[in-house]
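Breakdown of the fold
Here is what each chain is made of, one letter per residue.
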Amino acid sequence: MARNKHPEETVNLILNVAFRRFMEKGYEHTSIQDIIDHLGGLSKGAIYHHFKSKEDILIAVSDRMTAESNKLLAAIRDRCDLNGMEKLKAIFKESINRPVQNDIFTVAPAFHNNTKLLFSLLHDTIDHAAPEYILPIIKQGISDGSIETDYPEQLAELILLAANVWMNPMIFNSSEEESYRKFMIFRQMLIGFGLDIVDDEILERLKELAAIYQKKQKSAL
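None of these values were measured; they are calculated from a predicted model.

1. Describing the overall build of the protein chain
- Across its full length, the protein chain holds 11 helices and 0 strands.
- Overall, the protein chain shows an N-to-C arrangement of helices and strands of α-α-α-α-α-α-α-α-α-α-α.
- Rg of the C-alpha trace for the protein chain: 19 Å, near the compact-globule value of 17 Å for 221 residues, within the 12% margin.
- Residues counted as buried form 46% of the 221 residues belonging to the protein chain.
- Long-range pairs, those at least 24 residues apart, make up 70% of the contacts in the protein chain with a sequence separation of at least 6.

Laid out in structure tokens, this is it:
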């Protein structure tokens, strides 16, 4: 097959193939050559023209997987029928109940082995997710009286760092039991801030995601 003359189509082809290989073999066990072998004739140069490394491909795959879901989070943020507390609970529940989360926890690598991916997660949490989705909700909650804090920016960052990093089994390789204990402490911490937003349904979903990741890790051994 001749090289695709349309860059966007080439990128989509690479990402489609990479996603399938990551799902089937796991990220650590998928090489650039594995991806090339399923590109229908595209060369290694075609990949490196668009991506510098396998890590960059994974980041692009993850970004594409979450782009549509982020629109849903923005829609919750912008609703007019919920107060700040209700929005915070809704946005948290929506973010973990997205079907794409199952794929993310199946595809994702062990972050502790890859500082580049870990930095990307931290950067997205602090510079994108916290200020764009959580902070506006907290500020609304302060205005409508449903949330009390003198430090909205720091509270937004703390909530997401705890949820996306400290509780993330992909970073600390936590067992299901360890993950559950972290979830319970996270819940207690939020209640201490007056944010009773993590119910039993959310806890069960968090346990389910941790189990998906641990199953993937065991199958890769």
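Once you've had a look at it, read on.
2. Focus: helix H7 (residues 115-144)
- Over its 30 residues, H7 runs 40 Å from end to end, which matches the ideal 44 Å to within 8%, given 1.5 Å per residue.
- Along its length, H7 shows its largest kink, about 60°, at Ala130, and proline Pro131 lies within four residues downstream of that point.
- Those residues of H7 lying buried are Leu117, Leu121, Thr125, Ala129, Ala130, Tyr133, Ile134, Leu135, Ile137, Ile138 and Gly141.

3. Describing the pattern of salt bridges
- For the coordinates displayed, the defined rule picks out 9 salt bridges.
- Linking Lys93 and Glu201 is a salt bridge whose minimum nitrogen-to-oxygen distance equals 3.5 Å. Highlighted residues: Lys93 in helix H5 (residues 84-97) and Glu201 in helix H11 (residues 200-219), separated in sequence by 108 residues.

4. A word on the packing of helix H4 (residues 54-77) against H7
- Two numbers describe how H4 lies on H7: the axes approach to 12 Å, and their chain directions differ by 10°. In terms of their interaxial angle, H4 and H7 are classed as roughly parallel. Residues Glu55, Asp56, Leu58, Ile59, Asn70, Leu73, Ala74 and Arg77 of H4 form the contact with H7, whose participating residues are Lys116, Leu117, Ser120, His128, Glu132, Tyr133, Pro136 and Ile137.
- Split by residue class, the contact of H4 with H7 holds 8 nonpolar, 3 polar and 5 charged.

5. Here we look at the packing of H7 against helix H8 (residues 152-166)
- Contact geometry for H7 and H8: axes closest at 8 Å, N-to-C directions at 130°. With respect to H8, the axis of H7 lies oblique. Crossing handedness for the pair H7 and H8: right-handed. Seen from H7, the contacting residues are Leu121, Leu122, Thr125, Ile126, Ala129, Ala130, Ile134, Leu135, Ile138, Lys139 and Ile142; seen from H8, they are Pro152, Glu153, Leu155, Ala156, Glu157, Ile159, Leu160, Leu161, Asn164 and Val165.
- Residue composition of the contact of H7 with H8, grouped by class: 16 nonpolar, 2 polar and 3 charged.

6. A word on the nonpolar core
- The biggest cluster of nonpolar side chains holds 59 residues, and the ones touching the most others in it are Ile57, Leu88, Phe186 and Leu195.
- Residue contacts for Leu88: discarding those within four places in its chain leaves Ile134, Ile137, Ile147, Ile159, Leu195 and Ile197.

7. Regarding H5
- In this model H5 runs 20 Å from its N-terminal to its C-terminal C-alpha over 14 residues, within 8% of the 20 Å that 1.5 Å per residue would give.
- Taken as a whole, H5 has its buried residues at Gly84, Met85, Lys87, Leu88, Ile91, Phe92, Ser95 and Ile96. Looking down the long axis of H5, one finds its buried residues gathered within 165° of arc, a one-sided arrangement.
- Regarding H5, its N-cap is Asn83, as a side-chain oxygen of that residue lies 3.1 Å from the backbone nitrogen of Met85 further along.

8. Concerning the confidence of the model for the protein chain
- Across the protein chain, the average pLDDT comes to 85, with 91% of residues at 70 or higher.
- Element-level pLDDT for the protein chain is lowest in helix H6 (residues 100-107), with a mean of 71, against a maximum mean of 93 in H8.

9. Notes on the environment of Leu190
- Here Leu190 is to be found in helix H10 (residues 176-192).
- A residue is classified by how much of its surface remains accessible, and Leu190, at 0% relative accessible area, is buried.

The rules behind the values
Residues numbered from 1 in each chain as written. Predicted model: local features only at pLDDT ≥ 70, side-chain atom pairs only at ≥ 80, totals over all residues. Heavy atoms only, no water. Helix = DSSP H or I, 4+ residues; strand = E, 2+ residues; numbered from the N terminus. Rg over C-alpha atoms; globule rule 2.2 N^0.38 Å. Buried < 20%, exposed > 50% of the residue type's maximum accessible area, 1.4 Å probe, protein only. Contact = heavy atoms within 4.5 Å. Expected span 1.5 Å × (residues − 1). Bend = angle between axes of the 7 residues up to and from the residue. Salt bridge = Lys/Arg side-chain N within 4 Å of Asp/Glu carboxyl O. Axes fitted to C-alpha atoms, helices over the stretch in contact; angles between N-to-C directions. Parallel < 35°, antiparallel > 145°, perpendicular 65-115°, else oblique. Nonpolar A, V, L, I, M, F, W, Y, C, P; charged D, E, K, R; others polar. Left-handed = near helix turned anticlockwise from the far one by under 90°. Core = buried A, V, L, I, M, F, W, Y, C linked by side-chain atoms within 4.5 Å. Arc of directions from axis to C-beta. Polar contact = N/O pair within 3.5 Å; in protein donor to acceptor, adjacent residues only side chain to side chain. pLDDT = per-residue confidence, 0-100.

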